[in-house]
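Letter by letter, the chains look like this.
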Amino acid sequence: MQTSHRTLLAKLLALAVAMFLFAVFVLPPLYDLFCEITGIGGRTDGKYEAVEVRVDTSRQVEVQFVAANNAEMPWEFYPMEYSVVVHPGESRAVNFFAHNTTGENMVAQAIPNVLPNNAADYFHKTACFCFDNQPLAAGEQAELGLVFILDPDLPDSVNTVTLSYTLFDITDRTALSISQIQ
Amino acid sequence: MLKRAQALFLRSLGAVLALVYVGGANSESAASQLNMPQGVTEVSQAAYDIHMIMMWICTVIGIAVFGFMFYVMYAHRKSRGAVAENFHENVLVELLWTIVPAIILIVMAIPATSALLKVYDTENADIDIKVTGYQWKWQYEYLGEDVKFMSELRTPQDEIYGREPKGEHYLREVTEPLVLPAGKKVRFLITGNDVIHSWWVPDFGVKRDAVPGLFTSAWAKTDKPGTYVGECTELCGSGHAFMPVVVEVKEQAEYDQWLADKKAAAAEYASTIGKQWTFDELMVKGEEVYNRSCAGCHAVNGEGIPGVFPALKNSVIALGPVVEHLRVVVDGIPGTAMQSFADQLSEVDIAAVIHYERNAWGNDVGDITQPIDVLNYKQAK
Amino acid sequence: MAHGPATLADGWVKYISRWVFTTNHKDIGTLYLWFSFAMFILGGSFAMIIRAELFQPGMQLIKPEFFNQMTTMHGLVMVFGAIMPAFVGLANWLIPMMIGAPDMALPRMNNLSFWILPFAFAILVATLFMEGGGPNFGWTFYAPLSTTYAPDTVNYFIFGVHIMGASSIMGSINIIATVMNMRAPGMTYMKMPMFVWTWLITAFLLVAVMPVLAGAVTMMLTDINFGTSFFDAAGGGDPVLFQHIFWFFGHPEVYIIILPAFGVVSQIIPTFSRKPLFGYSSMVYATASIAFMSFIVWAHHMFTVGMPIAGELYFMYATMLIAVPTGVKVFNWITTMYKGSLTFETPMLFSIAFVILFTFGGFTGLMLSIAAADIQYHDTYFVVAHFHYVMVAGAVFSGTAAVYYWLPKWCGKMYDETMGKVQFWIAFIGFNITFMPQHFLGLAGMPRRYADYGLQFADWNMVSSIGAFMYGAAQILFLFNVVRTITHGKPVDKPEVWEGAEGLEWTVPTPAPYHTFEKPPQVK
């Protein structure tokens, strides 16, 4: 094989390998980052540390809560109040009700979404059950808490913010063993 | 002159299309066979308008380009004695046909953008409805009203498999349509339960993917009461073609009445759950539920699809202890296509279908499963 | 070497070993072409099953579960088994002859890249007979239908895709190395035939995106078997991410399919116009810019997934822009014909049909780029019609044209012109009867991948099925014509075969000897 072929072959193979690594190791985190910045998929940021309190009492925003169960998730799961009206900047606590109706100990994870997309960046959670997975023993009930603040910089066009949670059964994939729940 | 020629052309094209339509006519209106529906909402109208603008621009460009091409094919053929010239570039012409289409595109982008802005205007809705895609049905939940129900295909398997003549509304009928009030802005919060579905109502111009773990929104507002039929448009498994969307838009007063009835029925249902059903009543009810919700995988004859979906006929579960049977139907089997039916079927439906599975196709357990048993099972856990 | 390739006269063992161990670009080209035709017939028979089931409303012949396997396998086999290998076969046969090279740059790898393909498809097709059935999640295999909810055979599918990907990457590397390193003296880049140019660009696209596809299926594999959650929201992943990655591969992929077809047509139209290709350099730039833009428009396949409006607007504008370089190409072809001296042999007929029907598909593509209207078109038969206009009337018509055009050079025999023209007209009419009504079906509201449909769609579906059977029959005639040419065709011995043909491949004797350009020609 000629040397010129060999160097070209090496370069092209390197390109192929690089593209593979790009797809597996760069694209997913890049996508996550992109989602967080732009609010694609209505993802919310992680835990928020309130820095200053500036409540905009001139403005009222309705916040709605929606719950959904993914397939194979038999728990009862719903918000204890469907909607609240808050001023931006004001901290508010709400609860979701969860009931493990099965005879097994289970672990759940709630995945949040905010609509409209452009509100996602302004929805801050100072405490949320979605930060951790939620173990419930067989038949156990719980009130799951959420504390949030709407950022006063929330775009003026937004009058209603909808926060939804989808509850997934992660019993099989969690490292938390069933014995720890009991 | 040009205007008149254009009008003449439009009219003759319309005549041609009408002829084509007569050739392919069935029972629907002319437009619905050949073109996008204008629909009944602002969004569907905007989609229709931009569609027609694009179609006409493409038609005009197409006629010009192909017209020139056919002229060349006629005039410059060797058999007519044409001798080839040898030119092979012309910078001016090449620049022109790069720049002119670019300008046309920029002009087209303006109405295209304003149409899209309408699609995204989901603020200030009067009613919020959660739409959830399941394999293979839709669940509608009226948020804040405590009303939710499943909407699934009502066309019997016998019609699908040609054992009975097909009805007028073949594959366009559901057990319970989504009901909306006319003149109110409705926001749909769309999500998926298992795989990705897509909720489409052409007359509303609403098509949104129902992705598990993700909520997206769309909206509709129409003043025209009526029945609007849509489809699932994202491949979601073997029942993909069998989960239509049917929406009934009612006048406000009728809608209020419907909603009140719906709530009353739910309350009544809760109070009559303790009723004792007879063996035969449950068999009839069970067969109906089974054919609607289970036969898609386990087949009408209970033999399943070998290698894909297990048979229930002579199966360990159907002939074994009832509590195991309840567990499978109510909780599902994780990691398989057998999902939990706890939210999808009522206690009566679950009891009936379990009863049916234990006593049909030669299965003869002979026991009776009552709705209260299902409720007790759910609560005992 | 001296006495040429083994023939049947040397005995079966030698004859078969010749094909198995061959490193000759012409042999490998032939293997690719026959393999792709076999896959074309296989994928076509899947299409016939689909159209037969859709002939009438109701389920008559197959179950919905099997229907989904058919649509999936039809797409996979046609894209990866028929169209792509067909153009690789043409590249193998033609690129060395067009640039004055004795063979491909990496002949042993060339052998390997072909011979792993049959195994990939054997694995894929075998899943149809396994418990659980073949892949049933569409050729786009969106998660979680293709992960959590997939049949167990999905692992074979993933393995098959990996092999196909490896084959494509090796084939492309070979083409790039050949074009960049083995051009005859004087054959500068801007003197290369358009077919070589389009393939060079295509090969770069392939090397860039096939690994992305491999990455996507690898992530599926680990999600299914090793508990990762790239595409599972429960573990912090996202099913929509799959679609982004898939289409990051998938959109360049559709240009991978169409660019070599552009190249073929750019060779044939000048020949039968007896006039050089108009705007050669703008053709090259247009091809390159189409290739570049294919990387930045992928999410126009996802307008209904609920992206933020800024994303939708960007992808809409970027997609609309692709119409500009594509338009340049169409105008160039037509101007090549302008003031030429036209004759209409079968390859020319297929090429002209290509220009017309591909442009038509381009128009519907432009309509699809408008996000607000796409919400109505998305995942309906309108889309099915659109991509069959660009893939069948685009890639397959140009592939057919290429076979008729170069067949005399390959085997030294002339095909039957009348039979060729008859095949053209059956294919052309059958194709339009099949796919034109699908535009109407889509606009009227019929979603794609539907095993059954409401009564309002019955008429056009029946028309479409009749057209499909007609189009299918045309392919049998095609096979017959090609085989008959090889066995009974009228011998041709002029090197240039066609009156207006230009290019190095027409300077070698007809039929092309087993080894050509062992001494590089001097290109002026």
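Cut-offs and rules
Residues numbered from 1 in each chain as written. Chains lettered and ligands numbered in written order. Predicted model: local features only at pLDDT ≥ 70, side-chain atom pairs only at ≥ 80, totals over all residues. Helix = DSSP H or I, 4+ residues; strand = E, 2+ residues; numbered from the N terminus. Buried ≥ 20, exposed ≤ 12 C-beta atoms within 10 Å, placed from the backbone. Contact = placed C-beta atoms within 7 Å. Nonpolar A, V, L, I, M, F, W, Y, C, P; charged D, E, K, R; others polar. Axes fitted to C-alpha atoms, helices over the stretch in contact; angles between N-to-C directions. Parallel < 35°, antiparallel > 145°, perpendicular 65-115°, else oblique. Left-handed = near helix turned anticlockwise from the far one by under 90°. Pairing = 2+ DSSP bridges. Expected span 1.5 Å × (residues − 1). Bend = angle between axes of the 7 residues up to and from the residue. Core = buried A, V, L, I, M, F, W, Y, C linked by C-beta atoms within 7 Å.

Re the overall build of chain C
Then step 1. The secondary structure content of chain C amounts to 16 helices and 2 strands.
Then step 2. In terms of overall dimensions, chain C has C-alpha extents of about 65 × 50 × 45 Å along its principal axes.
Then step 3. In chain C, which comprises 524 residues, the proportion classed as buried is 66%.
Then step 4. For chain C, long-range pairs separated by at least 24 residues make up 83% of all intrachain contacts whose partners lie at least 6 apart in sequence.

What to know about the overall build of chain A
Then step 1. The secondary structure content of chain A amounts to 2 helices and 9 strands.
Then step 2. Order of helices (α) and strands (β) in chain A, N terminus to C terminus: α-β-β-β-β-β-β-β-β-β-α.
Then step 3. Counted over contacts in chain A with a minimum sequence separation of 6, partners at least 24 positions apart contribute 75%.

Brief notes about the interface of chain C and chain A
Then step 1. Contact with chain C, which involves 30 residues of that partner, is made by 28 residues of chain A.
Then step 2. When residues of the side of chain C that touches chain A are traced back to their parent elements, those giving at least two are helix H6 (154-181), helix H7 (194-225) and helix H8 (239-273) of chain C.
Then step 3. Residue composition of the side of chain C that touches chain A, by class: 22 nonpolar, 7 polar and 1 charged.

Brief notes about the packing of helix H3 (residues 42-75) of chain B against helix H11 (residues 323-337) of chain C
Working note: a packed helix pair is described by the angle between its axes plus the distance between those axes.
Then step 1. Following both chains from N to C, one finds H3 of chain B and H11 of chain C inclined at 20°, their axes separated by 9 Å at the closest point. Classified by the angle between their axes, H3 of chain B and H11 of chain C sit roughly parallel to one another. Pair H3 of chain B / H11 of chain C crosses with left-handed handedness. Two secondary-structure elements touch here, H3 of chain B through Val65, Phe68, Met69 and Val72 of chain B and H11 of chain C through Val330, Ile334 and Met337 of chain C.
Then step 2. Classifying every residue of the contact of H3 of chain B with H11 of chain C gives 7 nonpolar, no polar and no charged.

Looking at the sheet that holds strand E5 (residues 106-115) of chain A
Residue and element names in this part refer to chain A.
Then step 1. Pairing in this open sheet of 5 strands is mixed, and the strands run E3-E1-E9-E5-E7 from one edge to the other. Lying at the two open borders of the sheet, with one neighbouring strand each, are strand E3 (83-86) and strand E7 (134-136). The sheet shows a mean angle of 30° between the axes of neighbouring strands, direction not considered.
Then step 2. In this sheet, E3 lies alongside strand E1 (residues 61-69) in antiparallel orientation, the contact comprising 4 bridges. Bridge assignment links Glu62 to a residue of E3, and that residue is Val85.

Some points on the environment of Asp343 of chain B
All names here are of chain B.
Then step 1. As for its position among the elements, Asp343 is in the loop between helix H10 (322-331) and helix H11 (347-359).
Then step 2. By C-beta crowding, Asp343 is classed as partly exposed, having 19 other C-beta atoms within 10 Å.
Then step 3. Expressed as a C-alpha distance, the spacing of Asp343 and Phe149, which sit 194 residues apart in the sequence, is 9.2 Å.

Notes on helix H3 (residues 64-99) of chain C
An α-helical turn contains 3.6 residues, so a residue and the one three or four places further along point in the same direction.
Residue and element names in this part refer to chain C.
Then step 1. Between its first and last C-alpha atoms H3 spans 50 Å; for 36 residues at 1.5 Å apiece the expected length is 52 Å, and the two agree.
Then step 2. Residue Met78 marks the point of greatest curvature in H3, where the axis turns by about 35°.
Then step 3. Counting buried residues in H3 gives 36 out of 36 residues, a clear majority hidden from the surface.
Then step 4. Positive phi shows up at Gly100, right after H3, with a value of about 75°.

Some thoughts on the interface of chain B and chain C
Then step 1. Across the contact, 81 residues belong to chain B and 83 residues belong to chain C.
Then step 2. Mapped onto the side of chain B that touches chain C, the elements with two or more residues apiece are helix H2 (30-34), H3, helix H4 (91-119) and strand E7 (206-210) of chain B.
Then step 3. Taken together, the residues of the side of chain B that touches chain C sort by class into 44 nonpolar, 23 polar and 14 charged.

Overview of the sheet that holds strand E1 (residues 127-134) of chain B
Residues and elements named next belong to chain B.
Then step 1. Reading across the sheet, the 5 strands line up as E3-E2-E1-E5-E8 and stay open at both edges, with mixed pairing between neighbours. At either margin of the open sheet sits one strand with a lone partner, and together these are strand E3 (147-151) and strand E8 (216-220). With strand direction ignored, the average angle separating the axes of adjacent strands in the sheet is 25°.

A look at the nonpolar core
Then step 1. Ranked by internal contacts, the top residues of the largest apolar core, which has 307 residues, are Ile83, Ala216, Phe354 and Ala372 of chain C.
Then step 2. If one sorts the elements of this core by residue count, H3 of chain C sits on top with 23 residues.
Then step 3. When sequence neighbours within four positions are dropped, the list of residues in contact with Phe354 of chain C reads Val265, Ala393, Gly394, Phe397, Ser398 and Ala401 of chain C.
Then step 4. Membership of the second largest hydrophobic core comes to 21 residues, among which are Val289, Phe309, Val329 and Ile350 of chain B.

A closer look at unusual backbone geometry
Then step 1. The step from Gln135 of chain B to Trp136 of chain B runs through a cis peptide bond, and the omega angle for that step is -5°.
Then step 2. Relative to the elements of secondary structure, Trp136 of chain B occurs in the loop between E1 and strand E2 (137-142).
Then step 3. Cis geometry is adopted by the peptide bond preceding Pro144 of chain C, which originates at Ala143 of chain C and carries an omega value of 5°.
Then step 4. Its place among the elements puts Pro144 of chain C in the loop between helix H5 (117-126) and H6.
Then step 5. Unusually for a residue other than glycine, Leu171 of chain B sits at a positive phi of about 65°.
Then step 6. Mapped onto the elements, Leu171 of chain B comes out in the loop between helix H5 (157-160) and strand E4 (178-181).

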